[in-house]
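Remarks on the overall topology
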Amino acid sequence: MSGAIHSAARLRRISAALREGRSIDPVDAVPLGEAIDAFFAGHAPTLDAALGLKAAGPGQADARRAWLIGERDKALRELAGHVAADRDGAGAEGVWDMFEHLEAYAVGEWPEHRTAAVCPHPEGGRALAWTILRGNSGKAPTRRWLADFFST
């Protein structure tokens, strides 16, 4: 896991703790406090740099984008375990099943839920579809893309 993705994961854990009214784990709180102090002391030009969220260089995904892609990929694998047995090629039944599930969510509930900061569904296929579309810039993956994803 890259440093930026590790930093993003830390911020997501902190966010979840705050939303749930729990204390922040000291393992996460100490680096957060140090980053904030570094920013205000002038040791980092921006808060995202102090938090370790900036992209590693030109053409590299920033922590937010890398996190979204990682979450999308994890959700794709989980969704495949629920709805797609055969995923060998774009014409495979499992690829079609996933494609249809994601397309239906994309044209159905996604327009209303796309701006939600956290998933509006507690769990299940709709929660996975929301995560996949969020990590795929709001678009359902094509059958060819899905087949390629599962062939690697």
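Everything below is about the structure printed above this text.
Described below are features of the structure shown in this document. Note that this is a predicted model, so its numbers are computed, not measured.

The topology assignment puts threonine 46 in the loop between helix 2 (26-40) and helix 3 (47-50). When the C-alpha positions of threonine 46 and isoleucine 36 are compared, they lie 9.9 Å apart, and in sequence the two are 10 residues distant. Setting aside residues no more than four positions away along its own chain, threonine 46 makes contact with Phe39 and Lys54. Here the side chain of threonine 46 touches aspartate 48 through a polar contact of 2.4 Å, side chain to side chain.

This part covers the packing of aromatic side chains. This model, assessed by the stated rule, comprises 5 aromatic pairs. For the pair phenylalanine 39 and phenylalanine 40, a centre-to-centre distance of 5.0 Å together with 70° between the ring planes defines the contact as edge-to-face. Classification of phenylalanine 39 as partly exposed rests on a relative accessible area of 25%. Ring centres 4.9 Å apart and planes at 90° place the aromatic pair phenylalanine 149 and phenylalanine 150 in the edge-to-face group. Residue class for phenylalanine 149 comes out buried when judged on its relative accessible area of 13%. Of the aromatic side chains, those joined through ring pairs into one cluster are Trp145, Phe149 and Phe150.

Before going further, it helps to spend a moment on the pattern of salt bridges. Taken as a whole and assessed by the stated rule, the structure comprises 6 salt bridges. Between arginine 72 and aspartate 73 there is a salt bridge, with its nearest N and O atoms 2.8 Å apart. Among the residues examined, aspartate 73 registers a relative accessible area of 16% and is labelled buried.

Their axes nearest at 8 Å, the elements helix 4 (residues 63-83) and helix 7 (residues 125-135) cross at an angle of 145°. Seen along the crossing, helix 4 lies across helix 7 with a hand that is left-handed. On helix 7, the residues that touch Arg65, Leu68, Ile69, Glu71, Arg72, Ala75, Leu76, Glu78, Leu79 and His82 of helix 4 are Gly125, Leu128, Thr131, Ile132, Arg134 and Gly135. A class-by-class count of the residues in the contact of helix 4 with helix 7 yields 7 nonpolar, 4 polar and 5 charged.

So, about the nonpolar core. By size, the foremost hydrophobic cluster in this structure holds 22 residues, and its most contacted members are Leu76, Met98, Leu102, Ile132, Leu133, Leu146 and Phe150. Within the residue set of this core, elements represented by two or more residues are helix 4, helix 5 (93-107), helix 7 and helix 8 (143-151). No other element matches the 6 residues that helix 5 contributes to this core. Grouped together as the second largest cluster of nonpolar side chains are 12 residues, Ala8, Ile14, Leu32 and Ala50 included.

Taking burial as the measure, the 11 residues of helix 7 include 9 buried ones, the bulk of the element. Looking at helix 7, one finds that the buried residues are Ala127, Leu128, Ala129, Trp130, Thr131, Ile132, Leu133, Arg134 and Gly135. Turning to helix 7, the residues buried within the fold contact helix 1 (3-19), helix 4, helix 5 and helix 6 (110-113). Backbone geometry just downstream of helix 7 places serine 137 in the positive-phi region, at approximately 55°.

How each quantity is defined
- Residues numbered from 1 in each chain as written.
- Predicted model: local features only at pLDDT ≥ 70, side-chain atom pairs only at ≥ 80, totals over all residues.
- Heavy atoms only, no water.
- Helix = DSSP H or I, 4+ residues; strand = E, 2+ residues; numbered from the N terminus.
- Contact = heavy atoms within 4.5 Å.
- Polar contact = N/O pair within 3.5 Å; in protein donor to acceptor, adjacent residues only side chain to side chain.
- Phe/Tyr/Trp six-rings, centres within 6.5 Å; stacked < 30°, edge-to-face > 60°.
- Buried < 20%, exposed > 50% of the residue type's maximum accessible area, 1.4 Å probe, protein only.
- Salt bridge = Lys/Arg side-chain N within 4 Å of Asp/Glu carboxyl O.
- Axes fitted to C-alpha atoms, helices over the stretch in contact; angles between N-to-C directions.
- Left-handed = near helix turned anticlockwise from the far one by under 90°.
- Nonpolar A, V, L, I, M, F, W, Y, C, P; charged D, E, K, R; others polar.
- Core = buried A, V, L, I, M, F, W, Y, C linked by side-chain atoms within 4.5 Å.

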